[in-house]
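# Structural features, examined
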Amino acid sequence: MSTSIQADDNEGVREESLLLLGASSKKTEIREGSSWWASSFIIINAGLGAGLLNFADSYNDAGGIVIALTLQTIMLVFCVLALIVLAYCSDVACCSTYQEVVETMCGKRAWLTCSLLIAVYCFGCCITFLIIIADQIDNVMADNFGPDFCARWYLSRQCTLSVTSIVIILPLCFPKKIDFLKYVSAMGVFAVIYVTFLVVYRYYTGQYVPGPIKTEPNSWQDVFLVIPTICFSYQCHISVVPVYSCLRKRTLTEFSKSVCVAMVACVLCYTLTAVYGYLTFGGNVNADILLSYAPSDTAALIAMIAVAAKMYVTYPILCFCGRVAADNLYIDCKQLSPALADQGEKTRRILMTLVWFFASLLLAVFIPDIGSVIGVLGSFAAVFIFVYPGMCFMQGMLARDAAIEQRRSKVALICTIRQA
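Please read these numbers as outputs of a predicted model, since none were measured by experiment.

## Thoughts on a nonpolar patch on the surface
A cluster of nonpolar side chains, I74, V77, F78 and L81, forms an exposed patch at the surface whose accessible area comes to about 380 Å². When its relative accessible area of 47% is taken as the criterion, V77 is described as partly exposed.

Next comes the structure, spelled out in structure tokens:
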């Protein structure tokens, strides 16, 4: 009985929030928070990530530079529109997270599926980060101990990845808050920019012989092989709602400035890395482009270390996001009261972190490269970019029409009363 009443209350709150779409425009809220310029860097940090390393290989799979760039441009338009839609809906519904926007606009069932997908997506991202770390460690080991370094068990991929991850990553995953990582997270942006610079620089100065360079796909289905990488790379939509909620001047105009700057930076980094990387190696490009460079290349080794460092500090952030989503699902399924939820929070946090970490580590040891993981994660990213924002937009339009019709009915009723 209480569950039914609670569901009715949630639905009533949802309908009330949706009707606000037809209300008069609110005044611009100016408060403490981030400027649009600072917010753009947060979006850049969320958007630039592991997908950068796989972009050149996806260009090869899709059939060449022209086709891949065309698809990237088309999808980028929808990615930007989805960001604006999410900001608009969060503004109307007074929400501060992606899940809250989905719940308010689309209902409880949509929230459940969204939270589950976010948890799975974050788990897959963590696996990708560990694979990238292992790839970079292998290259560094090959440069220092020779190509047969794996013959020694303590230098093997399984051992080095496990030890470094347990020592560096695991302790960072336990805290209840992760705001202490905000300072080192800025390092990730510079690491990605350095990789882009390296790829462009080595195209002109390196002695690499490219493989076959495609100008058309092998079959028309290959055109769509680049889409998962694009979606995975440009997926920052889960993060933009909290970013928008923290803007000092919370308006769509200010947020649009942040989005434009962030997207320009992401497009430049992704496109330059993909185009120059593909022209450098052609069909011989690796799923992780850094693995295509010789282990003796000092500049490439610096990039590998920088990327590994970025993944070390980015893993706890994704672990935190996924753990929160999983914890919310657990609390909802068990129907725990706030008091009981707070009472067992520390125990749940520790157990979830341990299970999350060791499960992702085990899978990362046996998955050969990031290409296969990104292909799956790109499908999840497409849901966050297209499906949920599209559902929120449709619900918003329906609610606006309902609000307009409601006001018209009131006006007609008043006119009828006056005439009588």
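Once the structure has been displayed, the description carries forward.
## Considering empty space enclosed by the protein
For the coordinates displayed, the defined rule picks out one cavity of 30 Å³ or more. The space that makes up the largest cavity amounts to roughly 50 Å³. Sorting the residues of the lining of the largest cavity by element identifies α3 (51-62), α8 (182-205) and α12 (298-334) as the ones contributing at least two each. Grouping the constituent residues of the lining of the largest cavity by class yields eight nonpolar, one polar and one charged.

## Describing the nonpolar core
Y59, Y98, Y234, F255, L290 and Y315 are the most contacted members of the largest nonpolar core, which has 115 residues in total. Broken down by element, the residue count for this core peaks at 18 residues, all from helix α6 (residues 108-145). Beyond its immediate sequence surroundings of up to four residues, L290 is in contact with L53, Q136, N139, V195, L198, A303, M304 and V307.

## A look at the pattern of salt bridges
This model, assessed by the stated rule, comprises eight salt bridges. Between E254 and K257 there is a salt bridge, with the nearest N and O atoms lying 3.1 Å from each other. Residue E254 and its partner K257 are both found in helix α11 (residues 252-281); the two are separated by three residues, about one turn of the helix. Between D327 and R348 there is a salt bridge, and its shortest N-O distance comes to 2.6 Å.

Basis of the calculations
- Residues numbered from 1 in each chain as written.
- Predicted model: local features only at pLDDT ≥ 70, side-chain atom pairs only at ≥ 80, totals over all residues.
- Heavy atoms only, no water.
- Patch = residues over 30% accessible without salt bridge, like charges linked within 9 Å, V, L, I, M, F, W, Y side chains within 5 Å.
- Areas by Shrake-Rupley, 256 points an atom, 1.4 Å probe, with all protein chains shown as cover.
- Salt bridge = Lys/Arg side-chain N within 4 Å of Asp/Glu carboxyl O.
- Buried < 20%, exposed > 50% of the residue type's maximum accessible area, 1.4 Å probe, protein only.
- 1 Å grid on protein atoms, 1.4 Å probe; cavity = no way out; pocket = protein on both sides within 12 Å on 5 of 7 lines; lining within 4 Å.
- Points joined across faces, edges and corners; volume = space filled by probe spheres on them.
- Helix = DSSP H or I, 4+ residues; strand = E, 2+ residues; numbered from the N terminus.
- Nonpolar A, V, L, I, M, F, W, Y, C, P; charged D, E, K, R; others polar.
- Core = buried A, V, L, I, M, F, W, Y, C linked by side-chain atoms within 4.5 Å.
- Contact = heavy atoms within 4.5 Å.

Such coordinate-based values are descriptive only and should not be taken to indicate function.
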